[in-house]
Amino acid sequence: MKDMKLSAGQKAAYDKDGYLVVKNFLTKEEVGLLYGIATGDDVLKNKAFDFNDQAGKRTKLTLWFTPGDDAYGLLTRSEALVQSVQDLLGEGEVCHFHSKLMQKEPQIGGAWEWHQDYGYWYKNGFLLPEALISVMLALTEATVKNGCLQVLKGSHKTGRIEHNFAGEQQGADMDFVNEALGRFERIPVELELGDLLFFHPNILHMSEANTSDKPRWSMISAYNLSYNKPFREKNLSCITPVKTVPNNAFVSHGAKGLSADRDFLQKEDEITLKVK
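Residues numbered from 1 in each chain as written. Predicted model: local features only at pLDDT ≥ 70, side-chain atom pairs only at ≥ 80, totals over all residues. Heavy atoms only, no water.

Asker: I'd love a proper account of the overall build of the protein chain, names of residues and values included.
Answerer: Of regular secondary structure, the protein chain possesses eight helices and 13 strands. Residues classed as buried in the protein chain amount to 58% of the 276 residues present. Summed over its atoms, the accessible surface of the protein chain is roughly 11,800 Å², and 51% of this surface lies on carbon and sulfur atoms. (Helix = DSSP H or I, 4+ residues; strand = E, 2+ residues; numbered from the N terminus. Buried < 20%, exposed > 50% of the residue type's maximum accessible area, 1.4 Å probe, protein only. Areas by Shrake-Rupley, 256 points an atom, 1.4 Å probe, with all protein chains shown as cover.)

Asker: I'd like to hear about the side chain of Asp41, residue by residue, with values.
Answerer: Residue placement: Asp41 occurs in the loop between helix H2 (28-40) and helix H3 (42-46). Comment: no salt bridge for buried Asp41; closest opposite-charge side chain is Lys45, at 8.2 Å. A polar contact of 3.0 Å, which involves the side chain of Asp41, links it to the backbone nitrogen of Leu258. Apart from the residues within four sequence positions on either side, Asp41 is in contact with Tyr72, Gly257 and Leu258. (Lys, Arg positive; Asp, Glu negative; His and termini not counted. Salt bridge = Lys/Arg side-chain N within 4 Å of Asp/Glu carboxyl O. Polar contact = N/O pair within 3.5 Å; in protein donor to acceptor, adjacent residues only side chain to side chain. Contact = heavy atoms within 4.5 Å.)

Asker: Explain the packing of aromatic side chains residue by residue, including any values.
Answerer: This model, assessed by the stated rule, comprises six aromatic pairs. Relative to Trp121, the ring of Phe97 has its centre 5.8 Å away and its plane inclined at 75°; by these criteria the two rings are edge-to-face. Here Phe97, found in strand E4 (residues 94-104), pairs with Trp121, found in helix H6 (residues 117-124); they are 24 residues apart in sequence, far enough to count as distant. You can call Phe97 buried: its relative accessible area is 2%. Classification of Trp121 as buried rests on a relative accessible area of 5%. Over the face of the ring belonging to Tyr122 we find Arg160, whose NZ or CZ atom lies 3.5 Å from the ring centre. (Phe/Tyr/Trp six-rings, centres within 6.5 Å; stacked < 30°, edge-to-face > 60°. Lys NZ or Arg CZ within 6 Å of the ring centre and 35° of its normal.)

Asker: Now, about the pattern of salt bridges: what can you tell me, with residues and values included?
Answerer: As enumerated under the stated definition, the model contains eight salt bridges in all. A salt bridge links Lys16 to Asp17, with the nearest nitrogen and oxygen atoms 3.5 Å apart. Across the pair Glu208 and Arg186 runs a salt bridge, and its minimum N-O distance is 3.9 Å. With Glu208 in the loop between strand E12 (205-207) and strand E13 (216-225) and Arg186 in strand E10 (residues 186-188), the pair connects residues that are 22 residues apart, well separated along the chain. Taking the relative accessible area as the measure of exposure, Arg186 reaches 39% and is therefore partly exposed. When salt bridges with common partners are traced through the structure, they connect Lys23, Glu192 and Asp195 into a single cluster.

Asker: Can you lay out the nonpolar core for me, pointing to particular residues and giving the numbers?
Answerer: The biggest cluster of nonpolar side chains holds 44 residues, and the ones touching the most others in it are Phe25, Leu26, Leu34, Tyr72, Leu75, Leu196 and Phe198. The biggest single contributor to this core is helix H5 (residues 79-89), with six residues. Ignoring any residue separated from it by four or fewer positions in sequence, one finds Leu196 in contact with Met4, Leu20, Val21, Val22, Phe25, Leu81, Val135, Met136 and Leu137. Trp112, Val151, Ile187 and Leu197 belong to the second largest nonpolar core, which has 29 residues in total. (Core = buried A, V, L, I, M, F, W, Y, C linked by side-chain atoms within 4.5 Å.)

Function cannot be read off these values alone, since they describe shape.
Here it is as C-alpha cells:
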C-alpha cells in the first residue's frame, strides 16, 4: 500500500473538480489478494443483492456498515486511507458510513443512472454533504467498455439536485442533468487495478452497462464526519470514529473474508427504496 500523503495541489483539484484519482494505491499483488477473497467469499455472495436499472439489467452489490478485522475492514481503517479522507473533508472525526463491493458482471452487469451520492444520502437524513465522501478502489480494470464511472467535472458545485426513482435506483432530475451535460465536461474515469478515486457526494456521475467479456469489480467506501448525524439512518457506524490500523494490516494480519455476523444491509431495509 502506498504511504499516501495528499498534496495541496491534489486537495485543490478535488475541491475544484469534485473528484481525484490516485494511481497505484495498492500493488497488483495486494489487489489480487483482495479480489481473490472477494470472488471466493461465500458470505459476500450470500449477502449480495441486485439493483435494477431502467432496462432491467442488474448490478450486484454487497453492503455492510461497521468495518471489522477482515481484509476489507482493515483496508478501510488503514492510516493512509483515513488520513486522506481527513485531508479532503477537513476538521472532524472520520467515521465509516458503509462499504460495498460492486459486482458488474460481463455482458449482464447493469448501468447506474445519472445521480449524486447525496441524492441517496439526503434521504438517509444527512444534512451536511460536505462532511461526506466516497472512495472507490478498482479491484479490476475499469474501462468505458466494461462500464467505468463517468463524471461531470465540477458539477458538485450545483448543490443537491432532486432525485426520483429510475428503476430501483435514485436518478437525478433529467432536466437538470441535461442542462449540466451542456455546461460541464463529461469524463470517463478509467482506472487500473489498485487505483483510487475520491469523489464528492454532489458530483453527478453514472456508469454504463458492462458490454465487455470482462468483469468490473470495485470496492466503494463512504466516510462521514461524526458531527453530521443523520436523523433517519439508524446504524451508528456513520457517527463512530474509525480506529485506524497500520497500512499493511490487511496483509500482515492474515487476509480473510467477511464474517456472517457483520451488519449487512438487507435490501428490504434500504431507506432510499422507501422514501420518496
